[in-house]
Amino acid sequence: MLDLVLQPGALTLSDMKTILEQPLRLSLSPECLARIEAAARTVAEVMADGRTVYGINTGFGQMANTRIEANELETLQRSIVLSHAAGVGALLPESTVRLIMVLKINSLARGYSGIRLQVIEALMRLLEMEVYPCIPCKGSVGASGDLAPLAHMCAPLLGEGEIIHHGQRLPASQGLEIAGLTPTVLAPKEGLALLNGTQVSTALAVQGLLAAENQLAAGAIIGALTVEAAKGSRAPFDRRIHDARGHAAQIDMAGAYRELLGHSDIEHSHDDCEKVQDPYSLRCQPQVMGACLQQLRNAADIIVTEANAVSDNPLVFVEEGDIISGGNFHAEPIAMAADNIALAMAEIGSLSERRIALLIDSQLSGLPPFLVDNGGLNSGFMIAQVTAAALASENKSLAHPACVDSLPTSANQEDHVSMATFAARRLGDMNENTCGVLAVEWLAACQGLDFLAPLKTSPKLEIARDILRAEVPFYDRDRYFAPDIEAALGMLKREALLAHAPAQCRLIWQSL
């Protein structure tokens, strides 16, 4: 189990990747404790002064002008959690829930939410004991925060809802027993602080970003394999071309391709070829993948900022004793970042599919038709390319921007929403599709290279071929094809190529 001392507001993308990968025991940096307690005292002082403040002693949404009597405030905070736990759909994976919980703790521990330390510590205890709330994946529009999913996240603190513990679905009351906790009675503002925020959208966006990074790295390696299999030119990767344009990410990706391609027997075998230019899917890889890299870098900056943000409402400013209502719960930054990740994912897959089409076309690649001997009797990669085309086309629809699709909620009080939760959640489907396309290209590129034997590609690309060939043999005649794709897809999803990618492809979390 990972031990992590949380300095509120200082999570990195590398931290979040680790949190997704394994259970953890969380502790708070001592420096944050005084501010947490001061914010809770500020809320108590407001109550003692008899002031009317939204979210503390009023209703919510359109009922914000309704003052709640002091003897009903505990009921108010409990009621908002129970009524807002209205999500539907499949449950989010335990890894996602774990990150959501850490992000919520990270936000609350910054000391602007007015929540007591003991409530934060109860969440931390659930984390440590691997008691994960059951959170349905659908039901948030990403404004007033991720209300429904976060209500499901905090309901077990009250002894309500369900949890997952070591794969077993149990009532929340049993989850509290496992964690050695009793049901929490929420003080004024605490229910709202728990379920108001962007942590679900942000956690899903983190997962999408990391998946896209893996795609970019794998796509660069596999695309370089295809350059070699099709006896493509190295000239388009010349530094001078990319320096002349000036885009940093394009320059970086061109360097990545030069590093991967290096020099090889295959390169020298066509020194005197008469081909003038390669198709765009080969020679424009630095331009397209560089643009994708730039989108991922931009998205990473936004997502890391939001992961460390205070995004509930209202906020407590202890220095002035003010409690101010605003709109940090509106997840538009995450929605737009996720939409841009979606564009990158779609383009990585689209470019890969075009390279597959090139490889199976003997007029373009110089390889046997459909990458198989005895064509006609054998169909080879014919339908594998169709599968790749279907996946790439599906991603075109999924890449439609979610942030522009707003529907008013809460009787028009919440009249513009971000749709960030869907924007980020759909990245999981897109990752599956893009990895599927890349899996087919990986198979096709290695098949093409095998036809060029005994010539070898560069040392770095030989490693990528060896990784695949350890599980999938040469396609010498038609056989049941699906297991080959499944094997390659599984390796990609396990990040089998990521460690072998040039540093330029991996700057997303390492540079932050």
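This is a predicted model, so every value here is computed, not measured.

So, the overall build of the chain
In step 1: Across its full length, the chain holds 21 helices and 9 strands.
In step 2: Against the globule reference of 24 Å for 512 residues, the chain gives a C-alpha radius of gyration of 26 Å, in line with a compact fold.
In step 3: Within the chain, residue pairs in contact and separated by at least 24 positions form 78% of the contacts whose partners lie at least 6 positions apart.
In step 4: Carbon together with sulfur atoms contributes 53% to the accessible area of the chain, which is approximately 20300 Å² in total.
In step 5: In the chain, 38 positive and 59 negative side-chain charges are present, and the distance between their average locations comes to 3 Å.

Topic: a nonpolar patch on the surface
In step 1: Among the surface-exposed residues, M382, I383 and V386 lie close enough to one another that they form a single nonpolar patch of about 240 Å² accessible area.
In step 2: Inspection of the secondary structure puts I383 in helix α17 (residues 382-398).

Section: helix α9 (residues 199-229)
In step 1: Over its 31 residues, α9 runs 44 Å from end to end, which matches the ideal 45 Å to within 8%, given 1.5 Å per residue.
In step 2: Where burial is concerned, most of α9 is hidden: 30 out of the 31 residues are buried.
In step 3: Positive phi appears at K231, one or two residues downstream of α9, with a value of about 50°.

A look at the environment of S83
In step 1: Topologically, S83 is positioned in helix α3 (residues 73-84).
In step 2: Sequence separation of S83 and A148 is 65 residues, and the distance between their C-alpha atoms is 8.8 Å.

Things to note about the nonpolar core
In step 1: Within the largest apolar cluster, 160 residues are counted, with the highest numbers of intra-cluster contacts made by L28 and W442.
In step 2: The element that contributes the greatest number of residues to this core is α9, accounting for 19 residues.
In step 3: Not counting chain neighbours up to four residues away, the residues in contact with W442 comprise I222, L225, A464, I467, L468, A488, M491, L492 and L497.

Regarding the sheet that holds strand β4 (residues 131-133)
In step 1: Pairing in this open sheet of 3 strands is antiparallel, and the strands run β4-β6-β7 from one edge to the other. At either margin of the open sheet sits one strand with a lone partner, and together these are β4 and β7 (168-171). The mean inter-strand angle of the sheet, taken between neighbouring strand axes irrespective of direction, is 40°.
In step 2: Judged from the 3 bridges that link them, β4 and strand β6 (residues 162-165) form a sheet pairing that is antiparallel. Its bridge partner lying in β6, V131 is registered against H165.
In step 3: Packing of helix α4 (residues 94-108) onto the sheet brings it into contact with β4 and β6, and relative to β4 it is tilted by some 90°.
In step 4: This element, helix α7 (residues 172-179), spans β4, β6 and β7 of the sheet and lies at about 100° to β7.

Describing the pairing of β6
In step 1: Note: β6 against β7, 4 bridges, orientation antiparallel. By the bridge assignment for β7, E162 is matched with P171.
In step 2: Once β6 ends, the chain turns through 2 residues before running back antiparallel as β7, passing H166 with a positive phi of about 50°.

A short note on the environment of M1
In step 1: Checked against the element boundaries, M1 lands in the segment before β1 (2-6).
In step 2: When the C-alpha atoms of M1 and R25 are compared, they prove to be 6.8 Å apart, with 24 residues separating the residues in sequence.
In step 3: Beyond its immediate sequence surroundings of up to four residues, M1 is in contact with Q22, P23, L24, R25, E128 and E130.

Rules behind the numbers
- Residues numbered from 1 in each chain as written.
- Predicted model: local features only at pLDDT ≥ 70, side-chain atom pairs only at ≥ 80, totals over all residues.
- Heavy atoms only, no water.
- Helix = DSSP H or I, 4+ residues; strand = E, 2+ residues; numbered from the N terminus.
- Rg over C-alpha atoms; globule rule 2.2 N^0.38 Å.
- Contact = heavy atoms within 4.5 Å.
- Areas by Shrake-Rupley, 256 points an atom, 1.4 Å probe, with all protein chains shown as cover.
- Lys, Arg positive; Asp, Glu negative; His and termini not counted.
- Charge placed at Lys NZ, Arg CZ, Asp CG, Glu CD.
- Patch = residues over 30% accessible without salt bridge, like charges linked within 9 Å, V, L, I, M, F, W, Y side chains within 5 Å.
- Salt bridge = Lys/Arg side-chain N within 4 Å of Asp/Glu carboxyl O.
- Expected span 1.5 Å × (residues − 1).
- Buried < 20%, exposed > 50% of the residue type's maximum accessible area, 1.4 Å probe, protein only.
- Core = buried A, V, L, I, M, F, W, Y, C linked by side-chain atoms within 4.5 Å.
- Pairing = 2+ DSSP bridges.
- Axes fitted to C-alpha atoms, helices over the stretch in contact; angles between N-to-C directions.

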